[in-house]
Amino acid sequence: MPPPGAKPLPPGAPESGPAKFGAFGGVFTPSILTIFGVIMFMRAGYVVGQAGIAAALMILVLSKSITLFTGFSISAIATNTEVKSGGAYFLISRTLGPEFGGAIGLALYTAQALSVPFYVLGFTEALVKSLHPWFPFLTAEFLARPLPYAGTYFAAINFVVLFGLFVVTFVGAHWAIKTQYLIMAVLVLAILAFLGGLGLRFDPAMLRANMGSGYTDGSNFWIIFAIYFPAATGIMAGVNMSGNLKNPTRAIPLGTIMAVLLGALVYGAQIVLMGGAVSREQLIARPYTTLMEVARFHTPFMPLGLGLLVAAGVICATLSSGLGSFLGAPRILQALAQDKLLTPFSPFAKLSRSGEPRRALILTFVLSAGVLYYARNGGSGGALNAIASIITMLFLCTYGITNLAAFVESFGRNPSFRPRFRLFHWSIALLGAIGCAFAAFLIDAAYAFAAVVVVALLFFYVRKFVLKTSFGDARRGFYYSRIRENLFKLQQLPVHPKNWRPTILVLSGNPNTRLALVKYASWLGSGRGMVTIASVLVGDFHARNTDRIQALKNLQEFINGNKLLAFPQVLVTPDFDTGLSHLLQTAGAGPLRPNLILWGWSDDPNRSLQTVKNLRTAHALQMSQIIVRSAGIPSPKQRKRRIDIWWRGKHNGSLLVILAYLISLNPEWTGCRIRVLRVVKDEHALIPAHAELDALMEIARIPNAKIEIVVSADPFPDILRRTSDQATVILLGFGIPEDNDAPLFQKWFSSMLKDMPTTLLVHSTGEADVTS
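Reading guide: rules and limits
- Residues numbered from 1 in each chain as written.
- Predicted model: local features only at pLDDT ≥ 70, side-chain atom pairs only at ≥ 80, totals over all residues.
- Heavy atoms only, no water.
- Pairing = 2+ DSSP bridges.
- Helix = DSSP H or I, 4+ residues; strand = E, 2+ residues; numbered from the N terminus.
- Axes fitted to C-alpha atoms, helices over the stretch in contact; angles between N-to-C directions.
- Contact = heavy atoms within 4.5 Å.
- Buried < 20%, exposed > 50% of the residue type's maximum accessible area, 1.4 Å probe, protein only.
- Patch = residues over 30% accessible without salt bridge, like charges linked within 9 Å, V, L, I, M, F, W, Y side chains within 5 Å.
- Areas by Shrake-Rupley, 256 points an atom, 1.4 Å probe, with all protein chains shown as cover.
- Salt bridge = Lys/Arg side-chain N within 4 Å of Asp/Glu carboxyl O.
- Right-handed = clockwise from strand over helix to strand, strands pointing away.
- Phe/Tyr/Trp six-rings, centres within 6.5 Å; stacked < 30°, edge-to-face > 60°.
- Lys NZ or Arg CZ within 6 Å of the ring centre and 35° of its normal.
- Core = buried A, V, L, I, M, F, W, Y, C linked by side-chain atoms within 4.5 Å.

Caption draft 1: Structural detail: the sheet that holds strand S11 (residues 729–733). A sheet is described by the order of its strands in space; here ten strands give the open sequence S5-S4-S3-S6-S7-S12-S11-S8-S9-S10, paired in mixed fashion. The open sheet has two free edges, formed respectively by strand S5 (567–573) and strand S10 (705–711), since each of these has just one partner strand. In this sheet, adjacent strand axes meet at a mean angle of 25 degrees when their direction is disregarded. Inspection of the sheet shows strand S6 (residues 596–600) paired to strand S7 (residues 624–629) by five bridges, in the parallel sense. Looking across to S7, one finds that Ile 597 is bridged to Gln 625. Each of strand S3 (503–507), strand S4 (530–538), S5 and S6 is contacted by helix H22 (residues 576–586), which is oriented at about 135 degrees to S5, the strand it contacts most.

Caption draft 2: Molecular detail of helix H3 (residues 88–96). Among the nine residues in H3, nine count as buried, and that is most of the element. When H3 is considered as a whole, its buried residues turn out to be Ala 88, Tyr 89, Phe 90, Leu 91, Ile 92, Ser 93, Arg 94, Thr 95 and Leu 96.

Caption draft 3: How the structure looks around a nonpolar patch on the surface. A cluster of nonpolar residues, Phe 441, Phe 449, Val 452, Val 453 and Leu 457, forms a patch on the protein surface that exposes about 480 Å² of accessible area. A total of four residues in the nonpolar patch trace back to one element, the largest contributor, which is helix H18 (residues 445–465). When you line up the elements, Val 453 lands in helix H18. A residue is classified by how much of its surface remains accessible, and Val 453, at 33% relative accessible area, is partly exposed.

Caption draft 4: Representation of the pairing of strand S8 (residues 642–646). The buried fraction of S8 is high, at five of five residues. The two faces of S8 match: Arg 642, Asp 644 and Trp 646 on one face and Ile 643 and Ile 645 on the other face are all buried. One ladder, built from five bridges, connects S8 with strand S9 (residues 673–680); its direction is parallel. Residue pairing in the sheet places Ile 643 in a bridge with Ile 674 of S9. One crossover worth recording links S8 to the parallel S9 by way of helix H24 (residues 650–664), and it is right-handed. Direction of pairing for S8 relative to S11: parallel, over a ladder of four bridges. Paired with Ile 643 across the two strands is Val 729, which belongs to S11.

Caption draft 5: How the structure looks around the packing of aromatic side chains. Within this structure, the stated rule accounts for 23 aromatic pairs. Aromatic side chains Phe 24 and Phe 28 sit 5.5 Å apart centroid to centroid with 20 degrees between the ring planes, which places their arrangement in the stacked category. With Phe 24 and Phe 28 both in helix H1 (residues 23–35) and four residues apart, the pair spans about one turn of that helix. On the accessibility criterion, Phe 28 (12% relative accessible area) is buried. Note on Phe 41 and Phe 194: the rings are 5.8 Å apart at their centroids and 80 degrees apart in plane angle, and the pair reads as edge-to-face. In this pair, Phe 41 sits in helix H2 (residues 38–78) while Phe 194 sits in helix H7 (residues 173–200), placing the two residues 153 residues apart along the sequence. In this structure Phe 194 comes out as buried when scored by relative accessible area, which is 0%. An aromatic cluster is built from Phe 163, Phe 166, Phe 170, Phe 326 and Phe 365, whose rings are joined through pairwise contacts. When the ring centre of Tyr 46 is taken as origin, the NZ or CZ atom of Arg 43, which lies over that ring, is 4.5 Å away. It is Arg 648 that lies over the ring of Phe 716; its NZ or CZ is 4.8 Å from the centre.

Caption draft 6: Highlighting the nonpolar core. Core analysis: the biggest nonpolar cluster contains 145 residues, and Phe 36, Phe 41, Phe 194 and Tyr 228 have the highest contact counts within it. Tallying contributions element by element places H2 first for this core, with 20 residues. Those residues in contact with Phe 36, other than ones at most four positions away along the chain, are Leu 187, Ile 191, Leu 262, Gly 263, Val 266, Tyr 267 and Ala 317. Counting 51 residues, the second-largest nonpolar core is a separate cluster that includes Leu 655, Ile 658, Leu 662 and Ala 768.

Shown next as structure tokens:
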């Protein structure tokens, strides 16, 4: 029974929640144990010997800067939102959206899960290498002896260690953290032992001798940087415990930053003391055994003294990393499954009664056992090394995208981004992201590229199959900020025909009954302009607001159903023509106001005068106009399409050619013919007219346009009928008549275009110039 005042548990929720930890136990301990890994014992001496003290310290600063910046980014995001289980996946998905979150979540889970067997292998190798001086029978030949079921003695040790880690983690995070406390105690003693021994041997002369670099075997600064960089990683081990923290908002920043700073301090002390106590040659040749030799009080009379403690330290370093991965990986998968981003993983969303992701833990154990079984005979070392490189790259991808998430939130000036962590600026996140990309390609360009490909494939997989999520993200705010800034910049730039793009307002009414109008607008937009599909409802706003909402919804469904790139707009007005005038005056935002309007043709003689007035209103607002006289849209099966442009002067002609070109860019119009037609009354005008259009089309750069001069003194309607009756669409210019000529204007075009193909009647403001 819950205590008084407590909320009842929802159906299916665990009766008791997971163990809760503070900054030290939940974040600092897993992070610092991963940071103090095998690099400290196995490769740090080699790095100092090759690069020298000064360059090694520079490598340390560069490496730690990347993780420190990432730590700042993590802290900013974590203090800006309620943090739940899932660690980096949760933070990224709630910032950059489900696609990035799902891709990085699955990649991070894979990296963490595959890290377990690699740390187990590292543990076993370190154990054997460390114990061999005291137990000489532990030779490579002995460990390679066949053993039923396991493969070899070496493989048997791997399986036993893996099962031990699994049991500790399966019991619960509480016991795993307690085990890590014990491991950390041994690791701290080992570090104190070798640092104390180095301090006793410290020689200023040796320090000066090792200050500069002494690269051998083709090494250089960046190669050594690549070797040393993994010593700076490990901060995600604590972040992945987010669901088991008492106060994630406080614990994640405090534990992460303290782990990074302490790691930098200890590694810095190790570099200086090693460089001042051991010769360069010894550091390069025997970096690990050197630490055992210099361990304080290690003498021939104390073979099991503090030298063995250093051996225990390297063993604990690998063991703690494996335990940290065993803790983190299932929590990432459980959070991913809980968000229902990837259906196959849905069963792993369930928690145990104690709040542990045991199903995900079992899957992690099975994957780890499979990798160890694959490597049981030691014949797959190359494949394992390849996977190890991918793991490193996936971690760097996670760091980089975490920085990107913080950058998007901050640089986008999202009003909801108000982190409590004050030591943050978007430039820090940007530097962290750049640093991660730089480090990844520096360490191994091939595997960095492979990791990017893997993450990209996961991104598109999630985008394709994830239709709906229950959480928001920061992308909208980022896009809004960029659009706002660019709109103000666009406002300051002068308008020039060279930069003309169609910003189209379509008066569609019910688009299902005027599909040709909308379809031609979409073709004219052609991925280079913007289209707004508008509908006008007549009536009182309050009385018809429900209709307005439904009409807007219908427009959006029509746009989505026809895969159009367009925006819907619905206006309610007491009078159609007055409302239309208001729509024309107010449509758009800032510099993105419609410069091209599409009307449908009306044969109603009672509307002729008002139609002309509406045309004149649009012209006064500097809008070019297209009146669509529809005969339907071409069948998708119709491959041989033809666009006929009737050239009757450059004023409207320039826009006619541009519009024809825009239509031809669409996939449905691939391979269409464009005819530019001009009428002359006699043969004497044929050659000059052809030459004039040839020169014009050369400047216009319309490759598939063909010029045809029609010699005839017949009335234009007759010429049009016999020349363009087989066209797919006709483009024809028009001038806006006076009010008293409105009936004649309507009658003339209605008669001329009767039973003709779809015709676009075009009136240009002159803003578009085909020769620009």
